[in-house]
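Structural characterization, general
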Amino acid sequence: MQDNGHFARPSNKLGFSARFAGWVIRHVQQGIGSLGDLWRTPFTSVMTVLVLGISLTLPATLHLFVKNAKTVTEQWDSASEITLFLKLSVSEKSAQQLVQRISLYTDVASVKYISADKALKEFKVLSGFGDALEYLDDNPLPATVLVTPTQRASQAEAAGDLLLKLEQEREVEQGKLDLEWLTRLQAMAKLIEDIVVGLALLLCLSVVLIIGNTIRLAILNQKDAIAIMKLVGATDAFIQRPFLYAGIWYGILGGLVACFCVYVLGSYLSNAMQDLTALYHSNFILEGLTFSESISLILCAVILGFSGSYISVRKHIKSIEPTAD
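Residues numbered from 1 in each chain as written. Predicted model: local features only at pLDDT ≥ 70, side-chain atom pairs only at ≥ 80, totals over all residues. Heavy atoms only, no water.

1. What about the overall build of the protein?
- Within the protein, the regular secondary structure consists of ten helices and six strands.
- Burial status across the protein gives 34% buried among its 325 residues.
- In the protein, 82% of the contacts between residues at least 6 apart in sequence involve partners at least 24 apart.
- By element, 64% of the accessible surface of the protein is carried by carbon and sulfur atoms, the whole surface being about 21000 Å². (Helix = DSSP H or I, 4+ residues; strand = E, 2+ residues; numbered from the N terminus. Buried < 20%, exposed > 50% of the residue type's maximum accessible area, 1.4 Å probe, protein only. Contact = heavy atoms within 4.5 Å. Areas by Shrake-Rupley, 256 points an atom, 1.4 Å probe, with all protein chains shown as cover.)

Below, the structure is given as structure tokens:
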């Protein structure tokens, strides 16, 4: 066939879009084929998915409790108060000026003034010694100022610095802040977070090992087929893809199982906690996983599944070589 005196040669080069479409089709075919391989071994697949899902359920549930505990402790931190006892010689006018100065502090959320007379009246009611206190010539109680720090200044170290600053005021005789319970609360929260991180790392490692061992067994079961594929010229990358996709499918299904288990546990424990908090006239509701946290959990499971399968195929498929009879 001629065209203007030249032979027309068919092009053997495909365009980028055609090559990309072929690449996508091959991967889709191998991905669906790997899912079919899992379906043909239901017992092994279901057991692996359940182990993966249950392994991720524990750290995810602990994360849920840590998140809710932080919400509660933040409320406690913001409710902490600094009590300032004023000198007995401080007049009412000087006390009001002190309250105005303290209210201008950037680390102070609110200030409440309790006069000496009001403090004495409250003490008479609460102590039960009202009649005996009538015989006192002078009021022995000082005026007090209750200072509520801002959220940023409610932490133990920041609250301690604020207390030292307030004690420098000339009208203040003594300041009081119970830092011990704040320090213990923060230390317990930090310990729980460290425990969650440690358990999560160990369980993630166990998931990688489980997936790797499952893929290893699948490779050994198809050892002869892999040898034949290499004999006819198949590359390691082509042979590895179905096993890598199997790891991804394990991760997706295991992540869904973990989300379901966390939801069930959260609902069950939420009802139990509501019954407990009702005894203390509280209406605490346990917050579950958000949509983004659920997606992150599934993505984490996919990464673990892919990592386990990748380690396994890189080690075992290369070791399989066709033998000449």
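There's more to say after this.
2. Side note on the nonpolar core
- With 30 residues, the main nonpolar core has Leu56, Ile215, Ile219, Phe243, Tyr250 and Val313 as its most contacted residues.
- For this core, the secondary-structure elements that each account for two or more residues are helix H2 (42-79), helix H7 (179-221), helix H8 (223-231), helix H9 (236-278) and helix H10 (291-316).
- In terms of residues, this core owes the most to one element, H9, which gives eight residues.
- Excluding anything up to four places from it in sequence, Ile215 contacts Phe243, Ala246, Gly247, Tyr250, Ser309, Ser312 and Val313.
- Among the nonpolar cores identified, the runner-up in size contains 19 residues, and Leu86, Tyr105, Tyr113 and Val145 belong to it. (Core = buried A, V, L, I, M, F, W, Y, C linked by side-chain atoms within 4.5 Å.)

3. Quick word on the packing of aromatic side chains
- In this structure the tally under the stated criterion is one aromatic pair.
- On the basis of an interplanar angle of 25° and a centroid distance of 6.0 Å, the ring pair of Phe306 and Tyr310 is categorised as stacked. Here Tyr310 and Phe306 lie together in helix H10, a separation of four residues that amounts to about one turn. (Phe/Tyr/Trp six-rings, centres within 6.5 Å; stacked < 30°, edge-to-face > 60°.)

4. A word on the sheet that holds strand E6 (residues 172-176)
- Pairing is antiparallel in the open sheet, where four strands are placed in the order E4-E5-E3-E6. Every other strand in the sheet has two partners, leaving strand E4 (108-114) and E6 as the edge strands with one partner each. Across the sheet, the mean angle from the axis of one strand to that of its neighbour is 20°, orientation sign disregarded.
- Strands strand E3 (82-86), E4, strand E5 (144-149) and E6 of the sheet are contacted by helix H3 (residues 92-103), whose axis makes an angle of about 170° with E4. (Pairing = 2+ DSSP bridges. Axes fitted to C-alpha atoms, helices over the stretch in contact; angles between N-to-C directions.)

5. Side note on the pattern of salt bridges
- Per the counting criterion, the structure on display carries four salt bridges.
- For Glu171, the salt bridge is made with Arg170, and the minimal N-O distance between the two is 3.6 Å.
- By relative accessible area, Glu171 is classed as buried at 5%.
- The salt bridge involving Lys190 is made with Asp194; its shortest N-O contact spans 3.0 Å. Note that Lys190 and Asp194 are positioned in helix H7 at a spacing of four residues, about one turn of the helix.
- The partly exposed category is assigned to Lys190, whose relative accessible area is 46%.
- Linked through salt bridges whose partners overlap, the residues forming this network are Arg101, Glu169, Arg170 and Glu171. (Salt bridge = Lys/Arg side-chain N within 4 Å of Asp/Glu carboxyl O.)

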